[in-house]
Amino acid sequence: MNTNSNTYTIIYSTILVVVVAGVLALVSSLLKPRQQDNIALEKMQTILRAANLGADANEQADKTAYIKDLYQQHITNSYILNYKGEVIDGEAFNVDLKAQANIIKKIDAAKDEASAEALKASLKLPVFVCTTDNQTLNIFPCYGAGLWGAIWGYISVEDDFATIHGAIFDHESETPGLGAEIAHEKFYGKFAGKRLEKDGAFKSIAIVKGGGQADNVNGVDAISGATITCKALETTIDSWFKEYLPYFNIKKEAVDAGNSPCGDGCCTDSTCTDGTCAGHDADSLNIESTNK
Amino acid sequence: MQDYISLFVKSIFVDNMVFAFFLGMCSYLAVSKNVKTAAGLGVAVIFVLGVTLPINYLLDKYILSAGALSWLNPEYASVDLSFLSFIVFIAVVASITQIVEMVVEKFSPGLYSSLGIFLPLIAVNCAILGGSLFMQKRGYETLGEATVYGLGSGFGWFLAIILIAAIREKLSYSNVPKPLKGLGISFIITGLMGIAFMSFMGIKL
Amino acid sequence: MNKDIYRKPLFKANPITVLVLGVCSSLAVTVQLKGAIVMALSVTLVTGFSSMIISMLRNTIPNRIRIIVQLVIVAMFVILIDQFLKAYAYDVSKQLSVYIGLIITNCIIMGRIEAFALGNKPVPSLVDGLANGFGYGMVLVLLAFIRELFGSGTLFGYQIIPQSWYVANGGFYENNGLMILPPMALILVGCIIWIQRSAQKDLQEQ
């Protein structure tokens, strides 16, 4: 047979392409549910870890079931907010954080108010509500550019809307041993107990060298040698929380208006007895976290 | 515009294909014995990267990625062909090199005799496929960005192979320990150059 | 079958240290042992099976589109591996990221197909492919072992160097940060070549 003729070459390549595409399409459609499960599972685990839950998931025999259970049990509600802090329709779990990060970047770069407003209208900001035995946490995502690739994370905030309960960060391709350390508990563990508030006004967390003293509730210690990654993380957190600020204000007003008998916004309904906080204010949290 | 310039500079120095990601090492080591041939291969790499990246960008954006087919018909929004991306990218790279080879041979025999022999080598140069995969992974947003990234990483590769070829030319007069001669010392020098290039990492662009 | 088929690729004609093939896509995955082992296994499987399939088809492939046919077969196996990793070993797949896709352009695979599979029967081609992949994997695992142990003090993610040795805990030891940076992989390969060529004098270059 003449394997060099045009007809043969064309028939040969057609058959090859059809066979290969068939095999790949079959395998891909068979494995697709499992792959999507993995991605969803990882996201669930990250959200739970931001609320300091599920740290022992890797030691469980059935990790998948364990995480799913935990998620069902604790993440009691989730919703999407618009830039005014109002709830809008949609599934918060499926919001594409990267797309939102791009919008936020454009808002920060916008030249005039009008174009910024127009961009803001398209924002979809997810919030996850986590209920544990003694408190309700709000979990907020953030996503931005690090030194090499994307960095992202979730931060859980207690219901005074100022105290950070926990945080977790991950990255795409930061330098191993330097910037990549943001994904280690040694770093993100420091966020617990810090406050997003200074003198009654919102203030984001500063990640600076030597910023981690026990009495500095607005800053954490940066990783030495990873200045750019830390700076990028700081900016990312700041720019995301700025967009959530209207929601924070709505919630804080609700607290101040007397939903909570304590009225100072530092304790939850359940820890509040006779109009005083039962050992659950921000200061005691700080002491706890530094003692650790 | 400034974005493009900083992406260009970044892909040459900071995200250098050879020193930061080890891509295209095979031809980098095999064709770096003298500067002239190294330059020929380097130019061919710049050219092919600059052509394949925009093509692969369009393919990825309008055919391969999840929901990309919705411009054809909104019903196709749930189709995700991203599992085919490796095969499509490599097919584009292989056919582009073949087409470029034929075009150059036909219209510029002079260029062909200096560049032509390298073109088949390029189809299996990891830097080319790597460029497309990094573009997909990092999600460059516009056609312009993809092209600039392609040209920039091509220049980075060109720079790397010219540098090592020049060093190796000098090195042939040096007294290197016998077991290290040739390959061994090239690896170690590339490593040292990589450390030098890491100083670009701190540059904020 | 000739024993040389599987003996030679391990030392005398090792793909990385002697033939300089397949260095490209893989040095970056040697920061951790786990990634390196998965990468080594993947390359071994892809080299073996694509050699076998190409060898089966070797008399039917039209010469003009030979390279593209080879690339398509190799790419098919790589996609299969990528899909399985994403489904069953998601964390490893994330760690390897684009480097799994780059197996396609790993020169070992194309090199073995061109040099061996196109002229030999399927079974010897399979053995040749597997052996070359294994020879490559050995160097990869060795590199990853050194880099993870000295760079992070762990193996497979488990702490090996006792915590009490570290300076932070009052000891004398500190991880070598250079080991986890990319350039160190190249320097280590250079050293491995140095050692190998000191022992096998016939490999030395003039």
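The shown structure was predicted, so the numbers you read here are calculated from the model rather than taken from an experiment.

### Describing the overall build of chain A
Here comes step 1: Within chain A, the regular secondary structure consists of seven helices and 12 strands.
Here comes step 2: Residue burial in chain A is summarised as follows: out of 292 residues, 48% are buried.
Here comes step 3: Intrachain contacts of chain A at a sequence separation of at least 6 include 53% that bridge at least 24 residues.

### Brief notes about a nonpolar patch on the surface
Residues and elements named next belong to chain B.
Here comes step 1: A contiguous nonpolar patch, built from L58, Y62, I63, W71, L72, Y76 and L143 and spanning about 670 Å² of accessible area, is present on the exposed surface.
Here comes step 2: Along the polypeptide, I63 turns up in helix α3 (residues 35-64).
Here comes step 3: Among the residues examined, I63 registers a relative accessible area of 37% and is labelled partly exposed.

### A look at the packing of aromatic side chains
Here comes step 1: Under the defined criterion, the tally for this structure stands at 30 aromatic pairs over all chains.
Here comes step 2: A ring pair is formed by W165 of chain C and F172 of chain C, whose centres lie 5.4 Å apart and whose planes are at 35 degrees; its orientation type is tilted.
Here comes step 3: Note on W165 of chain C: relative accessible area 37%, which makes it partly exposed.
Here comes step 4: Accessibility expressed as a relative area gives 61% for F172 of chain C, which makes it exposed.
Here comes step 5: Aromatic ring contacts, followed pair by pair, group Y79, F140, F161, F202, F241, Y244, Y247 and F248 of chain A into a single cluster.
Here comes step 6: A cation over a ring is seen here: K43 of chain A above F93 of chain A, with NZ or CZ 4.8 Å from the ring centre.

### A short note on the sheet that holds strand β1 (residues 75-81) of chain A
Residues and elements named next belong to chain A.
Here comes step 1: Taken in spatial order, the six strands line up as β2-β1-β3-β4-β5-β6 in an open sheet, and their pairing is antiparallel. Looking at strand neighbours, the two that pair on one side only are β2 (87-88) and β6 (164-171), the edges of this open sheet.
Here comes step 2: Where strand β3 (residues 125-131) meets strand β4 (residues 136-145), four bridges bridge the pair, whose relative direction is antiparallel. Residue pairing for β4: T131 is matched across the bridge by T136.
Here comes step 3: Those strands touched by helix α1 (residues 6-50) are β1, β3, β4, β5 (150-158) and β6, and its axis lies near 45 degrees from that of β5.
Here comes step 4: Along the sheet, helix α3 (residues 97-109) contacts β3, β4 and β5; its crossing angle with β4, the most-contacted strand, is approximately 70 degrees.

### Remarks on the interface of chain B and chain C
Here comes step 1: In this complex, chain B contributes 42 residues to the contact, which on the side of chain C involves 46 residues.
Here comes step 2: Taking both sides of the interface into account, the surface hidden between chain B and chain C amounts to around 3,700 Å²; carbon and sulfur atoms contribute 82%.
Here comes step 3: The tally of links from chain B across to chain C stands at zero salt bridges.
Here comes step 4: Run the count over chain B and chain C and you get one residue pair in polar contact (both at pLDDT 80 or more).
Here comes step 5: Elements supplying a minimum of two residues to the side of chain B that touches chain C: α2 (25-30), α4 (85-107), α7 (126-138) and α9 (183-197) of chain B.
Here comes step 6: Ranked by the residues each element gives to the side of chain B that touches chain C, the list is headed by α9 of chain B, at nine residues.
Here comes step 7: Residues of the side of chain B that touches chain C, tallied by class, amount to 29 nonpolar, 10 polar and three charged.

### Let's talk about α3 of chain A
Residues and elements named next belong to chain A.
Here comes step 1: For α3, with 13 residues, the first-to-last C-alpha span of 18 Å sits near the 18 Å given by 1.5 Å per residue.
Here comes step 2: Along α3, the residues classified as buried are L97, Q100, A101, I103, I104 and I107. Down the axis of α3, the sector holding all buried residues measures 160 degrees, keeping them to one side. Opposite its buried face, α3 presents the exposed residues K105 and A109, each directed more than 90 degrees away.
Here comes step 3: Residue D96 occupies the N-cap position of α3, its side-chain oxygen lying 3.2 Å from the main-chain nitrogen of K98.

### Here we look at the confidence of the model for chain A
Here comes step 1: Predicted confidence across chain A gives a mean pLDDT of 78, with 85% of residues reaching 70 or more.
Here comes step 2: Across chain A, the secondary-structure element scoring lowest on mean pLDDT is helix α7 (residues 282-291) of chain A, at 39, and the one scoring highest is β5 of chain A, at 89.

### Let's talk about the side chain of S239 of chain A
Residues and elements named next belong to chain A.
Here comes step 1: As for its position among the elements, S239 is in helix α6 (residues 227-259).
Here comes step 2: By relative accessible area, S239 is classed as buried at 12%.
Here comes step 3: There is a polar contact of 3.1 Å between the side chain of S239 and the backbone oxygen of T236.
Here comes step 4: In this structure S239 touches I104 and D108, once residues within four positions along its chain are discounted.

Thresholds applied
- Residues numbered from 1 in each chain as written.
- Chains lettered and ligands numbered in written order.
- Predicted model: local features only at pLDDT ≥ 70, side-chain atom pairs only at ≥ 80, totals over all residues.
- Heavy atoms only, no water.
- Helix = DSSP H or I, 4+ residues; strand = E, 2+ residues; numbered from the N terminus.
- Buried < 20%, exposed > 50% of the residue type's maximum accessible area, 1.4 Å probe, protein only.
- Contact = heavy atoms within 4.5 Å.
- Patch = residues over 30% accessible without salt bridge, like charges linked within 9 Å, V, L, I, M, F, W, Y side chains within 5 Å.
- Areas by Shrake-Rupley, 256 points an atom, 1.4 Å probe, with all protein chains shown as cover.
- Salt bridge = Lys/Arg side-chain N within 4 Å of Asp/Glu carboxyl O.
- Phe/Tyr/Trp six-rings, centres within 6.5 Å; stacked < 30°, edge-to-face > 60°.
- Lys NZ or Arg CZ within 6 Å of the ring centre and 35° of its normal.
- Pairing = 2+ DSSP bridges.
- Axes fitted to C-alpha atoms, helices over the stretch in contact; angles between N-to-C directions.
- Buried area = accessible area lost by both parts, 1.4 Å probe.
- Polar contact = N/O pair within 3.5 Å; in protein donor to acceptor, adjacent residues only side chain to side chain.
- Nonpolar A, V, L, I, M, F, W, Y, C, P; charged D, E, K, R; others polar.
- Expected span 1.5 Å × (residues − 1).
- Arc of directions from axis to C-beta.
- pLDDT = per-residue confidence, 0-100.

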